[in-house]
Each structure stands twice: as structure tokens, then as C-alpha cells.
Amino acid sequence: MQARSALSATTSGSRPVDGTAVKRAAATAASIVDDVIARGWPVDEVLGSEAELLERYGVSRAVFREAVRLVEHQQVARMRRGPGGGLVVTEPKVDAIIDAAVVYLHRVDATLDEVFDARLLLEEIVCDLAAERLDEGDLTRIRHLIAAEEAGEVVDHRAMHALLASATRNPALELFVDILNRVSTLYFHDRKALETTTVVESRHAHARIAEAVVAGDGAVARRRMRKHLEAEAEYLRRRRTVRELLPTTVLGAAATNKRAEAVARDLLQRIVAAKMPPGELLGSEAGLMEQYGASRAVLREAVRLLEHHRIAVMRRGPGGGLFVATPDIGAVTDVVALHLARRGMQVGELAELRTRLEPSLIDLAVGRLDDESAARIEAALEREQQVSDDEYLQCAHDLHAVLASVAGNKALELVAHVVIRLTRLHQVTQLSPQTRARIGEELRRSHGGIARAVVERDGELARHRLRSHLRAVANLIA
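Report follows, based on the coordinates.

Rules and cut-offs
- Starting afresh in each chain, residues are numbered from 1 along the sequence in its written order.
- Thresholds applied to this predicted model are a pLDDT of at least 70 for local features of residues and 80 or more for the giving and counting of side-chain atom pairs; totals over whole chains, interfaces and linings are not thresholded and use all residues.
- Excluding hydrogens and water, the side-chain values take into account all heavy atoms of the structure.
- Only rings of Phe, Tyr and Trp enter the pairing, Trp through its six-membered ring, and a pair is recorded when the two centres are within 6.5 Å. The plane angle decides the type: under 30 degrees is stacked, over 60 is edge-to-face, the rest tilted.
- Only lysine NZ and arginine CZ atoms are considered, and such an atom sits over a ring when it is within 6 Å of the ring centre and within 35 degrees of the ring normal.
- Only DSSP runs of H or I covering at least 4 residues are called helices, and only runs of E covering at least 2 are called strands; the numbering of each starts at the N terminus.
- A helix is expected to span 1.5 Å for every residue after the first.
- Bend, in this description, refers to the angle at a residue between axes fitted to the seven residues ending there and the seven starting there.
- The cut-offs for exposure are 20% and 50% of the maximum accessible area for each residue type, with area from a 1.4 Å probe on protein chains only; residues under the lower value are buried, those over the upper are exposed, and the others partly exposed.
- Of the two site types, the cavity is a set of points on a 1 Å grid over the protein atoms alone where a 1.4 Å probe fits but cannot get out, and the pocket is an open set with protein on both sides within 12 Å along at least five of seven lines, each lined by residues with an atom within 4 Å of a point.
- Grid points are joined across faces, edges and corners, and a volume is the space filled by probe spheres set on the points.
- Here the term charged refers only to Asp, Glu, Lys and Arg, the term nonpolar to Ala, Val, Leu, Ile, Met, Phe, Trp, Tyr, Cys and Pro, and the term polar to all other amino acids, Gly among them.
- Any Lys or Arg side-chain nitrogen found within 4 Å of a carboxyl oxygen on Asp or Glu counts as a salt bridge.
- A fitted line through C-alpha atoms represents every axis, and for helices the fit uses only the stretch in contact; the resulting angles, taken between N-to-C directions, go from 0 to 180 degrees.
- Angular relationships are summarised with four words: roughly parallel below 35 degrees, roughly antiparallel beyond 145, roughly perpendicular across 65 to 115, and oblique for the angles in between.
- Each helix crossing is assigned a hand: it is left-handed if the near helix lies turned anticlockwise from the far helix by less than a right angle, otherwise right-handed if that turn is clockwise.
- Note on definitions: a residue-residue contact is assigned when non-hydrogen atoms from the two residues lie within 4.5 Å.
- For two strands to count as paired, DSSP must find a minimum of two bridges between them.
- By nonpolar core is meant a set of buried Ala, Val, Leu, Ile, Met, Phe, Trp, Tyr and Cys residues that side-chain atoms within 4.5 Å join together.

Some details on the packing of aromatic side chains
Going through the model one piece at a time under the given rule, you end up with zero aromatic pairs. Seen from the ring of Phe 323, Arg 315 lies directly overhead, with NZ or CZ sitting 4.5 Å from the centre.

Quick look at the structure:
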């Protein structure tokens, strides 16, 4: 069987299971994911009946069913009951993936400044890559969109941003530009309230950015994009926009029952409006069924949606009920990373994003460094050095994840986690043992120097070491 995926699953905590069972369920879910990837992600194919899969993976029914919950959350496969049933490979829905990220960023209170700083960084990268890779089809689409905007026929102000991102041919950039543009609409979503001059200025900015991209001038396109996004952010600040509750469409992409979708959305809005802390009880299953006039089947589908987004979890047994969940960056990372793996994101596409993203995170981390952050960086480095060679690639990106956290931008931290997970997946499952060993040596050699430079607040040296490190790893993989 293919080596176990580094995209490890996490338990939803929906029922009491001991630590060993949790680990076995996560390991089983990871094996299922590996099998799906190894088969080329054959949508609608039945991997096997429950009885067959229990024997194949050698686990108990309780562990297997917990593993199924995990792969259902990741939108890899879903159990289908009845004749011809079994564990069926599913097609990840991009809107459900985006919903998961948007809900996560909303629940961790990603600020307007964080969102726009992330957009600035990613969309400047888009300008560079789009200017290099634009083809005639992109040119035609850009011309049509500019003409439609001038004629007032475009109602989605995100369309030009999405079109330029698609021209990069980098799936992660396309997805995160879409996600962050959608998060931006949480601060302002009433297009009818836009003044005519603002709409005209936005159209003009789009045309000027596109003009530079078409001319192949990434530097000019970057400057124009930065000016455009800074103006948009300042407009929202002047209006003192208070972030609204999540849009009424959220959760719908993963729903299979409209009534359940409405119940799940109402519970989400309650959690967000009251700022309920993790662990707070929303109600017992019987109480919620009565409150919403819902059947057990409808409520359980609503709970599935909430658990899918790590919004709430149902605990069975004495003292059980539906409880507010802690936002889980790992769960969202798994969902997004597996979607990008499904799209066939390649090592080179990961490398081009990491080499542009992580130096900026280094700058932010150095600027925010305090004693607690320095201790976290040193602890991550120590953890890496204590594991065996066989385990090293599974945890050797912890330092990168900690640096992304220390940088203090929740939106960029999510991007970094997804890229790190995808890189780990490629290194663990798609490279020869010899190449993995050489990468391990490079990681051990370089991480200490990067960490020391950050702790000593030498951003210039840290960036230099990071770039050298990423180039060395890219050369080993190539």
C-alpha cells in the first residue's frame, strides 16, 4: 500500500473514543485517502462494503465508522447505504471548500487589515505570473470582461481578480484569491450602496491592471493592483463597516437537505452573533429537535454540516448534546489541501508560491517577535530534532507552521498551512526513499539557521537562509 498520507485526519469528537481509537481512526482515514489518490480519485467508484473494508484495514467497526466520518469531512468519500452501497469516492465541491475556509476565517476573527494584507501579497504574485503566462484565450476573456464592465454588465466585482488568478495556472492562487475576495464581502456586500464614482474608479483600476498584465509588465501590474486594493480597503475603513453575519448562502454547498441546511445556518448565526465560546452547549438532540420542529434525520444532517465546518460537535451519552467547537485550522487545511491535490497541483506550483509567500511571513514574524514567540520557535526546532529519521518528514515543517503563526496574519497562516501540507504530501508519498533522505538532511541543516536568524531579529539573514533552503529542496525534488 502507498505510504500513509501526511494529510492526517483529526477526530470530530462526536462521540467518546479513547486516544488509541482516535489515532487508529485517523490512520485508517489517511490510508483511505492514500488509496483514493493512488487510484486516480475515481469519483463514484465504490471502494468496498463496510464488511470488506473492515477486513482490508483491520480495524473495529467503531474505529472504521469514525474514519469514515473523517473522510466524509474531507470530501474524499462517503458511505452509501442499501443495495450497491459501500464507501463511495466523492467529488470535492469547490464551493463547499471555499465555505469551509470562509467560515474558519470568520470564526477566528480575521481582521480587515489581515484579509487585505493577504490579498495584496497573493494578488501581486498573480500579477507577476499572469503577465508571464497569459495566452490568447486569456487575452480574449480579459478584453470581453473589460468591455462588459465598461457597459455596466458585470455585477461581480471579483470577476477580474478571478480571471487574472486563473491565468497563473496555479490552482492554489486561484482558490485563495477566490476565498479572500469572498471574505472581503463580509465587510461589504451591498453593491447597491456603492457610489457611482467608486464603481467607475474600480472599473478603471481593473482596466489599467489588465492593460499592464497584457503588456507583460508584471511590475506595473503589481503597483496598480496594490493601489487598487489599498483604495478598496480604505473605502471600507472610511465607511466604518461592521462585519456582517455570514452570507445566507454559506453551508449550502455541502448540504443535501434544504431544511437541514436552514437549521444548521440558524445555529451558526446564533454562535457567531452571541460569540459563543468553544465548549458552550447549544442543546440536547431532543431539545433541538423540539426547538426547530425537525425530525431526527433532519437534525442529524444539520449536525453533519456543522461538524463538517468544525462549528459544532455532537457528543453522545450522559451530559451529551451539541457543543460549540474550537475552530480547527488543521481540519480546514486538510479539506483545502486535498481539494488542490485532487486538482493535480504540482511540486513546481507549490515551490513558486512558497518562495514568494514565506519570505513575507519571515518579515512579519521578525516584526512581531516577543519572548513567547521566540520560545515557540525554539520549541518547534527542538521537536524536529528529537524525532527519528523515518518520522522526520512528517513533522519537519512544524517550524514553517510556527513562523506562519508568529507572523500574526490568520489569512496568510491558513495559506501557509495548506501549502505546507501539500508539500509534505508530495515529499512523503511521491518521492523515492533516497530523495526523502536527502530532503531530511537539508531540512535538518537549514532549519536551525533560519530559526536562529529570526530569534535574533535578523530578517535579512533569515530571508536569505529561507530562500536558499527552499531552492535546495526544489532542486532535490526536480
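Let's talk about helix 20 (residues 433–455)
An α-helical turn contains 3.6 residues, so any two residues separated by three or four positions project in the same direction. Compared with an ideal rise of 1.5 Å per residue, which puts 23 residues at 33 Å, helix 20 spans 33 Å between its outermost C-alpha atoms and is within 8% of the ideal. Taking the largest bend as the criterion, helix 20 deviates by roughly 25°, centred on Ser 446. In the segment just after helix 20, Arg 457 is the residue with positive phi, at about 60°.

Looking at unusual backbone geometry
Unusually for a residue other than glycine, Trp 41 sits at a positive phi of about 55°. Here Trp 41 lies in the loop between helix 1 (19–38) and strand 1 (46–48). Under the relative-accessibility criterion, Trp 41 is labelled buried at 5%.

So, empty space enclosed by the protein
Taken as a whole, this structure holds four cavities of 30 Å³ or more when the rule is applied. Computed from the structure, the largest cavity encloses a volume of approximately 150 Å³. Lining the largest cavity are 16 residues, with Ala 351, Arg 354, Thr 423, Val 473 and Ile 477 sitting closest to its centre. Listing elements by their share of the lining of the largest cavity, those giving two or more residues are helix 15 (347–368), helix 19 (410–429) and helix 21 (459–477). For the lining of the largest cavity, the per-class residue count stands at eight nonpolar, seven polar and one charged.

Some remarks on the pattern of salt bridges
Going through the model one piece at a time under the given rule, you end up with 35 salt bridges. Salt-bridge contacts for Glu 232 lead to Arg 119; the nearest nitrogen and oxygen are separated by 3.3 Å. With Glu 232 in helix 10 (residues 218–238) and Arg 119 in helix 5 (residues 112–133), this residue pair connects regions lying 113 residues apart in the sequence. Accessibility classification places Glu 232 together with Arg 119 in one group, the buried group. Taken together, the salt bridges that share partners define one network made up of Asp 135, Asp 138, Arg 141 and Arg 169.

Digging into helix 3 (residues 61–73)
Its 13 residues give helix 3 an end-to-end C-alpha distance of 18 Å, which sits within 8% of 18 Å, the value for a rise of 1.5 Å per residue. Three or more residues of helix 3 are buried, namely Val 63, Phe 64, Glu 66, Ala 67, Val 68, Leu 70, Val 71 and His 73. In the stretch just after helix 3, Gln 75 is the one whose phi turns positive, near 60°.

Section: the packing of helix 8 (residues 171–184) against helix 14 (residues 329–342)
When two helices pack together, their arrangement is given by the angle between the helix axes and the distance between those axes. Running from amino to carboxyl end, helix 8 crosses helix 14 at an angle of 135°, the nearest separation of the two axes being 10 Å. Here helix 14 runs oblique to helix 8, going by the angle between their axes. The crossing of helix 8 and helix 14 is right-handed. For the pair formed by helix 8 and helix 14, the contact residues are Pro 171, Ala 172, Leu 175 and Phe 176 on the first element and Val 336, His 339 and Leu 340 on the second.

Quick look at the sheet that holds strand 3 (residues 86–89)
The strand order across the open sheet built from three strands is 1-3-2, with neighbouring strands paired in antiparallel fashion. Each having just a single partner strand, strand 1 and strand 2 (77–80) make up the two edges of the open sheet. Along the sheet, successive strands turn relative to each other by an average axial angle of 35°, direction set aside. For strand 1 and strand 3, the ladder comprises two bridges, and the chain directions are antiparallel. Residue pairing for strand 3: Gly 48 is matched across the bridge by Leu 87. Relative to strand 1, helix 2 (residues 50–57) is tilted by about 60°, and along the sheet it contacts strand 1, strand 2 and strand 3. In this fold helix 3 packs onto strand 2 and strand 3, with an angle of close to 125° to the strand it touches most, strand 2.

Focus: the pairing of strand 6 (residues 321–324)
Of the pairings in the sheet, the one linking strand 4 (residues 281–283) to strand 6 comprises two bridges and is antiparallel in character. Paired with Leu 281 across the strands is Phe 323, a residue of strand 6. Hairpin connection between strand 5 (residues 312–315) and strand 6: a loop of five residues separates the two successive antiparallel strands, and Gly 317 in this loop has a positive phi of roughly 90°.

So, the nonpolar core
Residues Leu 105, Ile 179 and Leu 414 are the most contacted members of the largest nonpolar core, which totals 71 residues. Per-element accounting of this core gives the leading share, 12 residues, to helix 5. Apart from the residues lying within four places of it in its own chain, the contact partners of Leu 414 are Ala 101, Tyr 104, Leu 105, Phe 176, Ile 329, Val 332 and Thr 333. By size, the runner-up hydrophobic cluster in this structure holds 25 residues, among which are Ala 264, Leu 268, Val 272 and Val 324.

A look at the side chain of Thr 333
Relative to the helices and strands, Thr 333 is located in helix 14. When near neighbours in sequence (up to four residues on either side) are disregarded, Thr 333 contacts Leu 414, His 417, Val 418 and Arg 421.

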